[in-house]
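Notes for the structure review
Here's the letter readout for the chains.
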Amino acid sequence: MRSLIWNIVAVSVVVLSTVAFEVGYVAPRDAFFIAFTVLAIYTGNQLLARENQPLGQALASIFTKPASHGSSVSYLSGLVVAGLSTLVVAQVLTFS
């Protein structure tokens, strides 16, 4: 249950901050901070769950192996968080 709540909160924060950034309600530096922080915490949490694997294998399983996650919701939320956070970070670094 805690994992489901964490996934919902992470996706909600990233989606809301991305929409607010794209519409212009959030400054680029704030959007960058929000997106990068959520991405770092989410990825760190996933890496901690795979602490007995080598780093390369753990990173590959996070993004390419849905069966390594507890549920499909966890896998999809990871893709949403990674995708939207990367989009915001790339836009801020490119256009600011």
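See the structure printed just above.
Sequence positions are assigned chain by chain, starting from 1 and proceeding in written order. At least 70 in pLDDT is required for a residue's local features to be given in this predicted model, at least 80 for side-chain atom pairs to be given and counted, and no such filter applies to totals for whole chains, interfaces and linings, which use all residues. As a rule here, side-chain values come from all non-hydrogen atoms in the structure, and water together with hydrogens is ignored.

1. Description of the packing of aromatic side chains
Put simply, the rule is: Stacked, tilted and edge-to-face pairs are distinguished by plane angle, under 30 degrees for stacked and over 60 for edge-to-face with tilted covering the rest, among Phe, Tyr and Trp rings (Trp via its six-membered ring) whose centres lie within 6.5 Å. Helix and strand labels come from DSSP, where a helix needs a run of H or I of at least four residues and a strand needs a run of E of at least two; each type is numbered from the N terminus.
Following the criterion strictly, the structure yields two aromatic pairs and no others. Taking the centre distance of 6.0 Å and the plane angle of 20° together, the rings of Trp6 and Tyr42 count as stacked. Of the two residues, Trp6 is situated in helix H1 (residues 2-23) and Tyr42 in helix H2 (residues 28-49); the sequence distance between them amounts to 36 residues. Ring plane angle 5° and centroid distance 5.9 Å describe the contact between Phe32 and Phe36, whose orientation is recorded as stacked. Of this pair, Phe32 and Phe36 both sit in helix H2, four residues apart, which is roughly one turn of that helix.

2. Details of the nonpolar core
Defined as follows: We define the nonpolar core as a collection of buried residues of types Ala, Val, Leu, Ile, Met, Phe, Trp, Tyr and Cys that are connected through side-chain atoms lying within 4.5 Å of one another. Working definition: with a 1.4 Å probe on protein chains only, accessible area under 20% of the residue-type maximum means buried, over 50% means exposed, and in between means partly exposed. The criterion used for residue contact is that any of the two residues' heavy atoms lie within 4.5 Å.
Among the nonpolar cores identified, the biggest contains eight residues, and these are Ala20, Phe21, Val26, Ala31, Ala35, Val88, Val89 and Val92. Secondary-structure elements contributing two or more residues to this core are H1, H2 and helix H4 (72-95). Top element by residues in this core is H4. It accounts for three residues. Here Phe21 is in contact with Val26, Pro28, Ala31, Val88, Gln91 and Val92, once residues within four sequence places are set aside. Judged by nonpolar contacts, the second largest core, of seven residues, contains Val38, Tyr42, Val81 and Ala82.

The analysis is restricted to geometry; functional conclusions fall outside its scope.
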